[in-house]
Amino acid sequence: MAESDVVLVPLQLQAFVLNPEVCNKGEDDDKGARIIPITQPNYTFLRLDNFLIQSDVLNHADLHNSAPAETNPRMYDLGAQPDPLPRLNRYGIYLHWILPQVYRSGIVAADSVPPDRQEKERLQRGLPPRADRGVDPGAKKTDTPEFLQPPTRWIIIRKLELDSVEPKEAKPYFKEYEAWVLESDYQWNLDDIPVDYDLQVDVSPFVVGKAGENVDINEQAEIFIGRKTKLEDYLDLNEEPANVSLLRSSNPFFADFQLHNSNVFSILDNFEYSNSTGSRKYLEKANASYYLVGWHSKASTDPLFDQSGEISHADKLEGIYMTLKDSGIAEITTKFLESKDSIRMCLHGAMYDVKWDLKSKPQSVPADDYSEALQQQEIPAVSLGTTPMDALITYCTARKGHEEDEVVEKLEEDILAIDSLLHARDDGVEGQREAKDMIYNWNFSRTQGGTHYFIAGEDNQGECKKPSDKTIAALKQLNQWQQILDACNRSATQYRWDMFSLWWKYVTDVSNKQEDGVDTAIFKKKVEDISKRIDRLQGRITELEEGIKAQKEQEKDGLLKGLKTNTLPFYFRARDPTVLVGGIDPGWPADYSDNVAVRIATQCVTGSEDIPQELEALATLLSQKFPQIAPLKEALRLLTEFWTLFPANPTPELQKGQIYPQFHDQVSSTINNKLWRDRWENRQPWFPLYVEWEVEYTHVPFEFWSLDEQAARLSAGPLVRYGIPARDGTPLWDKMNTGNPEKSKDIRNLSGRVLILPQPSFSLAAKVKQLFADTPPNILDEYIPDQKERDNLLDNISKLSYLSCPLTGLTEGLLTLSTGTHIKPENKYVTEDGRETTTAVKSAQFTHVSLDQNNIQMIQNNSGFTPYASLNDYTTSPFCPFKPATHGQFRFIKLNIIDKFGQCIAAINPKPRPGPRTYPPLYPCISDFYQPQLVTVDSVKVANTVHPNEGTKCEFIQLPPQINQNSRLNADFVIRQKGSGADGLSYWRPVTEWENPIWGWLVINYADYGIQVFLPDGTFYREVRIGGPNGALAEPKWLPFAKDPSLPQDENNAQLDALVEKLRDKDYLLGFWVMIGTAIQNMPATPGSYAQFLGSIVGKPLALANMGWSLELDGPPLQNQSTKAKVTEPEIHLLPGQDYLASYELQVKLGDEHREYDGLVGYFDSDPNPTEGRELILDYVNTYFVAEKPGDKPAAESLHPINTSNYPKFQPYWVPPFPNDNAGNAEYSPPYITPEQYTETRNSKMRVFGAILDPFTPTHGLSSFLPAKSLQLPSWTWQSAMQNITAFFHSGPLNVTQDVGDYDSTHPLTTTSMKDTPTRNISLPSLGAGDWNWLQPFLNPDSTQDFPVFNAFGIEKKGNLMTPGFQKGPYTAVEGFLQLRRPIMVDNPKKD
């Protein structure tokens, strides 16, 4: 081993004093924190024999009996007679240490990572080398993260100030230095635990994982770990140590919750002693300091132990999030970091000057202060938002001008100042509006939408390079097969969970104890049916996978050469709301996310004085008890440092190379806190660990909701979302009291528990730092002009006191699903070679209902959520508990923040009060998205909620309609499918990447009051002008240009002709003119590339294209999972069906007139029975631009204003990729639905619109129940057309000094030759910059033709209209067209 063969890793210790005085008194005026009763995982709920299993082995903390101390079972033995007795053995100092993040981070490799690289990554992360691959044929590559085992041996040393001991007569029974050995992995069976042990304090319940199907589940309820022994009495008796990896604990709180890890990662020092009579006694007062030394009992589990010699110490430390401190001895540290010798880890930490007093609480109890602040309602401390950032902005906005701390107030003001920067990087209103809409995309979680194959390649114009027709056909077939394969896999996942659901429903219903029950046959048939479905579906999946593999292999060097993969659009589901509590220290160390600052032995701090003999003797005893333990090699040096840094000792003078350990500092996670982290300083610790919440959710009928630009109670401006407007002035609470049963009775109480993690507060600081780094200083100056102020924000933003967490489980509760730690019928085990095996637990099999090994193994670990089954009773409720879509309002009835030592701050006082409402209201800050709308009551605007609020306050959070399973809004440009109607082909299909969906162009001609129509390629087709005897003049096709003979003769312009025919109506034309002209005024500037094209002299060209929209679920619709409900079906289903009438129709707003970043001008509805030329309903156009001035009536009856009454409605759909007979009697036999049939069925679900849109700007679908969906034309679809569109208008009569001559039949003006330079010129006054043509009409030489022919003339720029030349006559009067052959160039072109 190397000269420096031990790395010293610091730990932060925290000491908590527990006595009756720290408990809440239970009186109304005591708003301090409460001490929760000990709530440990009840692994009895894992037992299957008596149908005792529960969806969560950990119950919520019961605060009703938490105060005063005399009623708290943690503090008093309530069963003692005649009066409860104090549990003195539980009073004392609880010491807990925070494990470094390396033990909390797992590693898992993707399939694409080569095995050798994966193994190197594992070794660098401290994982042991993998064994040779086993021979288990059922094992597969695991996707389970690997976690390091934490240290399991600890020495806790106490230095007691003997003069502080009370009662004084107890002093002889104590030593100044005393040590205990903690064996974290010592495993106890219940029968072996000594009778004087307290099962809730002296040991910890634990699940010991075992491989195979014969694991004894009943045994798990009787397994405990952890043993504390005095150092002098210690004997190594740990023959079968438990694997205490945090992953294996099955308890997310295990590492940090002291109540769950007693004598594992924490100890209780209750100052127990035996007096002269042998009686057990406890000290009333004492001052003590503690020191901790820990190590891995097995070298193979030490992440620094590496005998391969392949990884340097520097790389090893970096891999486990550690960094060696720099103390100015580079000659030593550099050598150490470059070495590859095997080393060990020794963990250490200190806590000085902890004062124990049985009869008084510490001077400072932050939990009490936070509790009092949380319960005062004048300035809300609780905020609700869609994300942590949204909740924080809402919190800062609500508290603006109300903060007592000036520093905190300034930080919050700065955050509000850069809020707009976080939304958009410019200061334009439109940019911020766009970002505000787009930011709601973060409100949704997403899942993969599937795989899509493509062949890359573009031509010089950026257009997709079109492959051969055979390649296109092969690629189409491959994608169709992949699409149905993805759908089958998604369906299989749901069906596997359905199998787990059946198993759970069986084992939780106590009536199933009788194997010959009435429902056994029915249950058995359900199991067999889903088993058959999964089995056949898996066969179909295998068939599709093999087919795809064969197609790719067969054509890898042929038609599919250059094949690449991409992802289809994601499916989304709304996230649960995020709750943020401000003004509360998050607890996690400010530097927790940084690398741990480690040292080597030579860097330890040693003073000039010798350590006390008692401490040196203890070090000697330690070496005797643990001989040859490499990590303890430097134990004496560490104990010397412990003594040297004792606060009562003089500050040591650091010698060369010495440096203080991390946590011997005043680094703080909050502002103005200068306490030492390794000193108690008469202050209780505060480390919030999790939140337990409960809400009362009231389901608001869907007919009360409306999609529109909703303004909310306190929001800055209207946003597109579903809301409950009070248009008729009737408050929602009155509407809810109607119906039979009354709608107000559709109430669900939902609850959950969620961990508080350090990431939200740290991520805010990271976002601001990145924002400042990426934003130009001149833009930052507009928001925070003072550089010092910006530096102050960066330095202190991480110290803002707040914590946040999502209300995880709210949506699952509405789906009648439970979250929590529960038993599963499969035993998954990861072998030493990194493979994974899953077997059905034998005791979880019930073969008489076909829940046998084969069927249980079909679950394949799809068992994260449990169904409600019979555990929740809804037999008296007149409404179905299952909600396929959320649309309601909720209010809190419980919000408890619980810290690692069991301190609890309650936002709502849990003490019951008389009256119909047993709990007081909580008025949080509510973000824009969740704010209810307003209603005027007695001339006062108040929140429109299901129950009246107190004054203008609001306790209800509004959840707008959200689909409670993964879905997506599909949007594609579509074209008519050749051969549609035959063999089940849908009429419309999405365009491929090589097809142009544009079927025409419209250009407004201001000079002639006309609308010019162009073909998809930009070729002029026709013009319709306002005027003439009928009010509208339709020019002949192509005029003034002749159709070029090279154009296809069979080109289909039927739809374009139908539109021109409509435009011949004067009112229709006038409406179109107003619509286009008004829309162009609201559009953003064209991109720079547009100036390169002809047409910039007239109105912006607008594209005509058909678009298809649909709303798709990712899998079969979810079902009610409660077996104890009076009403089993919801009022409205997601999908239409034969057995029920009502299904959801959700509105989507297409485009928006107020948003410049949206390019939709208007749209036509499609004909439900389309035929060629009659695909769209052209009688009217839906548009926002119905009048030149807002508020005016529409300019024409053909303009239908888009509003909430006619937003398109979409029914969700799901196309089963596999036969599914809901009657339960299907055989699931071939022939299956083909990939082609699946694709065509999906295409038939599209609702098609004929869109008039800005080609440069995307069109958006806004709904609030899904992220905004954008649809934009690829640039190549309009670039070539822009090169053909010309600007021209009628002109004349004009007088010219020379005749134009005769018609030149050799140079006819055609749609192709219009861009050529003319061979003849005409003298006209100067028209300014640009290349102009004069288009002169002539009598058609063909007497059978009624329309003239044209020649193009160049223009000699002579004279000036303002200064006539009075040339000699005769003059010639001409009338024709002026055409701009090239764009106008206002500025001189720059030279390269």
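The rules behind the values
Residues numbered from 1 in each chain as written. Predicted model: local features only at pLDDT ≥ 70, side-chain atom pairs only at ≥ 80, totals over all residues. Heavy atoms only, no water. Helix = DSSP H or I, 4+ residues; strand = E, 2+ residues; numbered from the N terminus. Contact = heavy atoms within 4.5 Å. Pairing = 2+ DSSP bridges. Buried < 20%, exposed > 50% of the residue type's maximum accessible area, 1.4 Å probe, protein only. Patch = residues over 30% accessible without salt bridge, like charges linked within 9 Å, V, L, I, M, F, W, Y side chains within 5 Å. Areas by Shrake-Rupley, 256 points an atom, 1.4 Å probe, with all protein chains shown as cover. Salt bridge = Lys/Arg side-chain N within 4 Å of Asp/Glu carboxyl O. Polar contact = N/O pair within 3.5 Å; in protein donor to acceptor, adjacent residues only side chain to side chain.

**Some remarks on the side chain of Ser-1198**
No. 1: If you trace the backbone, Ser-1198 turns up in the loop between β50 (1174–1183) and β51 (1199–1201).
No. 2: Look past the residues within four positions of Ser-1198 in its chain and what remains in contact with it is Asp-1067, Tyr-1068, Asp-1179, Tyr-1180 and Val-1181.

**With respect to the sheet that holds strand β54 (residues 1259–1262)**
No. 1: Pairing is antiparallel in the open sheet, where three strands are placed in the order β48-β54-β55. Of all the strands in the sheet, the pair left with one neighbour each is β48 (1149–1150) and β55 (1269–1271).
No. 2: The pairing of β54 with β55 spans three bridges and is classified as antiparallel. Paired with Gly-1261 across the strands is Lys-1269, a residue of β55.

**Regarding the pairing of strand β40 (residues 967–976)**
No. 1: Of all 10 residues in β40, eight are buried; the element is thus mostly enclosed.
No. 2: One ladder, built from eight bridges, connects β40 with strand β46 (residues 1102–1113); its direction is antiparallel. In the sheet register, Ala-971 faces β46, and the bridge partner there is Trp-1109.
No. 3: Bridging between β40 and strand β41 (residues 988–990) involves three bridges; their strand directions are antiparallel. Bridge pairing links Ile-975 to Arg-989 in β41.

**Here's the deal with a nonpolar patch on the surface**
No. 1: Side chains of Tyr-1009, Ile-1026 and Leu-1070 sit close together on the surface and give an oily, nonpolar patch of about 270 Å² of accessible area.
No. 2: The topology assignment puts Ile-1026 in strand β44 (residues 1020–1026).

**A look at the environment of Asn-1340**
No. 1: Residue placement: Asn-1340 occurs in the loop between β58 (1332–1338) and β59 (1349–1357).
No. 2: For Asn-1340, a relative accessible area of 17% corresponds to the buried category.
No. 3: Measuring from C-alpha to C-alpha, the distance between Asn-1340 and Ser-1305 comes to 9.9 Å, with 35 residues separating the pair along the chain.
No. 4: Contact partners of Asn-1340, with chain neighbours within four places excluded, come to Gln-1345, Phe-1347, Pro-1348 and Val-1349.
No. 5: A distance of 3.1 Å separates a polar side-chain atom of Asn-1340 from the backbone oxygen of Phe-1347.

**Looking at helix α22 (residues 1235–1244)**
No. 1: Here α22 has its buried residues at Pro-1235, Tyr-1238, Thr-1239, Glu-1240, Arg-1242 and Asn-1243.
No. 2: In this fold, the buried residues of α22 make contact with α10 (469–507), α11 (520–554), β40, β41 and β46.

**Quick look at the pattern of salt bridges**
No. 1: For the coordinates displayed, the defined rule picks out 48 salt bridges.
No. 2: One salt bridge connects Arg-104 with Asp-256, and the closest N-O pair in it is separated by 2.6 Å. Placement of the pair is Arg-104 in the loop between β6 (92–98) and α1 (115–124) and Asp-256 in the loop between β11 (223–230) and β12 (266–269), with a sequence separation of 152 residues.
No. 3: For Arg-104, a relative accessible area of 22% gives the class partly exposed.
No. 4: On the basis of relative accessibility, which here comes to 5%, the residue Asp-256 falls in the buried class.
No. 5: The salt bridge partner of Arg-989 is Glu-995, with a shortest N-O separation of 2.6 Å.

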